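Structural features, examined
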Amino acid sequence: MSEKGNDKGLSWYKHREWQPGDDAAPVAEPQKVKQSVEASPTGSHSAWNSAGTWEEQGQKTWAVSSLNERLEKLEGPGAKVKSVTITGDASINFIRGKKKYPFDFKLEFKISCSDDLHQCEVEIPDFACDETAPYEMDFTWKGDSREQKFKEAVGASSKQVNNSEGLMAKVHTELEAWIEDFKKR
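Basis of the calculations
Residues numbered from 1 in each chain as written. Predicted model: local features only at pLDDT ≥ 70, side-chain atom pairs only at ≥ 80, totals over all residues. Heavy atoms only, no water. Phe/Tyr/Trp six-rings, centres within 6.5 Å; stacked < 30°, edge-to-face > 60°. Helix = DSSP H or I, 4+ residues; strand = E, 2+ residues; numbered from the N terminus. Buried < 20%, exposed > 50% of the residue type's maximum accessible area, 1.4 Å probe, protein only. Patch = residues over 30% accessible without salt bridge, like charges linked within 9 Å, V, L, I, M, F, W, Y side chains within 5 Å. Areas by Shrake-Rupley, 256 points an atom, 1.4 Å probe, with all protein chains shown as cover. Salt bridge = Lys/Arg side-chain N within 4 Å of Asp/Glu carboxyl O. Lys, Arg positive; Asp, Glu negative; His and termini not counted. Charge placed at Lys NZ, Arg CZ, Asp CG, Glu CD. Pairing = 2+ DSSP bridges. Core = buried A, V, L, I, M, F, W, Y, C linked by side-chain atoms within 4.5 Å. Contact = heavy atoms within 4.5 Å. pLDDT = per-residue confidence, 0-100. Expected span 1.5 Å × (residues − 1).

The next thing to look at is the packing of aromatic side chains. Here the structure, examined in full by the defined rule, presents 11 aromatic pairs. Measuring from ring centre to ring centre gives 6.0 Å for Phe103 and Phe182, while their planes differ by 80 degrees; the resulting arrangement is edge-to-face. Note that Phe103 is positioned in strand E5 (residues 103–113) and Phe182 in helix H3 (residues 167–183), a separation of 79 residues in sequence. With respect to burial, Phe103 and Phe182 carry one shared label: buried. Grouped by ring-pair contacts, the aromatic residues Trp62, Tyr101, Phe103, Phe105, Phe127, Tyr135, Trp178 and Phe182 constitute a single cluster.

As structure tokens, this is what we get:
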């Protein structure tokens, strides 16, 4: 065993400046941090993410609310939206300094004619950021709703919009406008 200050025979841990038995070990004391974390301006990453790496800000609440607002009030000549069910998700992502707007929704509409005698259900199974209009649609015609006038008022048959004046053309126009609003957030 070596004496203090003698380099011969030192083991691997004895290179430290402080040795047991010397004066007391330095005391670690907490210090107040004077930096404040400020909220980021709208449309940019958070203050904590100054490097601009991955950050995701959920937008589902706003997206569902604004889609409902746009779609539930729609009426066309002879047809109107009775209700809309929206399931899915939306967010704003900051990835390597770039802002992206991913969303993926399933939209289900109940549509009736002006006198409520004819009805149909329309599903847009994939309203998503990587899809473009016209969106694929699935129709379920109820009861007497197979009447040609009602189909024309809805403005679509099978899976495509076929009447630019019909209700589903208005739905598509509103969906495209919603995408533009989402990208302004």
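Alright, that's what it looks like, and here's the rest.
As for its placement among the helices and strands, Trp141 is situated in strand E7 (residues 138–142). For the pair Trp141 and Ile111, spaced 30 residues apart in sequence, the C-alpha separation works out to 9.7 Å.

Below, the discussion takes up a negative patch on the surface. A surface patch of like charges, here negative, comprises Glu56, Asp89, Asp104, Asp126, Asp130 and Glu131. Within the secondary structure layout, Glu56 lies in strand E1 (residues 55–58). Given a relative accessible area of 47%, Glu56 falls into the partly exposed group.

Time to look at the pairing of strand E6 (residues 119–128). When E5 meets E6, the two strands line up antiparallel, connected through 8 bridges. Within E6, the position partnered with Ile111 by the bridge is Cys120. Pairing between E6 and E7: 5 bridges, direction antiparallel. Bridge pairing in E7 places Val122 opposite Phe139.

So, on to the nonpolar core. In this structure, Phe105, Phe109, Ile111, Ile124 and Phe127 are the most contacted members of the largest nonpolar core, which totals 36 residues. Elements supplying a minimum of two residues to this core: helix H1 (60–71), strand E3 (79–95), E5, E6, E7, helix H2 (148–154) and H3. Other than its neighbours up to four places away in sequence, Ile111 contacts Ala79, Lys80, Lys82, His118, Gln119, Cys120, Val122, Phe150, Val154, Leu167 and Met168.

Once that is clear, we can look at the confidence of the model for the chain. Looking at the chain as a whole, its pLDDT mean stands at 78, while 71% of the residues score no less than 70. Here strand E9 (residues 160–161) is the element of the chain with the lowest mean pLDDT, 62, and H1 is the one with the highest, 95.

Our focus in this paragraph is the pairing of E5. With 11 bridges connecting them, E3 and E5 associate as antiparallel partners. If you follow Lys80 over to E5, its bridge partner there is Ser112.

Turning our attention to H1. Taking 1.5 Å per residue as the helical rise, H1 with its 12 residues ought to reach 16 Å, and the 16 Å between its terminal C-alpha atoms agrees with that figure. Among the residues of H1, Ala63, Ser66, Leu67, Asn68, Arg70 and Leu71 are the ones counted as buried. Elements in contact with the buried residues of H1: E3, E5, E6 and H3.

Moving on: the pattern of salt bridges. With the rule as written, the count across this model stands at 5 salt bridges. One salt bridge in this structure joins Asp181 and Arg70, with 2.2 Å as the shortest N-O distance. Here Arg70 lies in helix H1 and Asp181 lies in helix H3, a separation of 111 residues in the sequence. Judged by its relative accessible area of 18%, Arg70 is buried. Residues Lys110 and Glu121 are paired through a salt bridge, measuring 3.4 Å at the closest nitrogen-oxygen approach. Pair noted here: Lys110 is in strand E5 and Glu121 is in strand E6, with a separation of 11 residues, a long-range link. What makes Lys110 partly exposed here is its relative accessible area of 43%. Given a relative accessible area of 28%, Glu121 falls into the partly exposed group.

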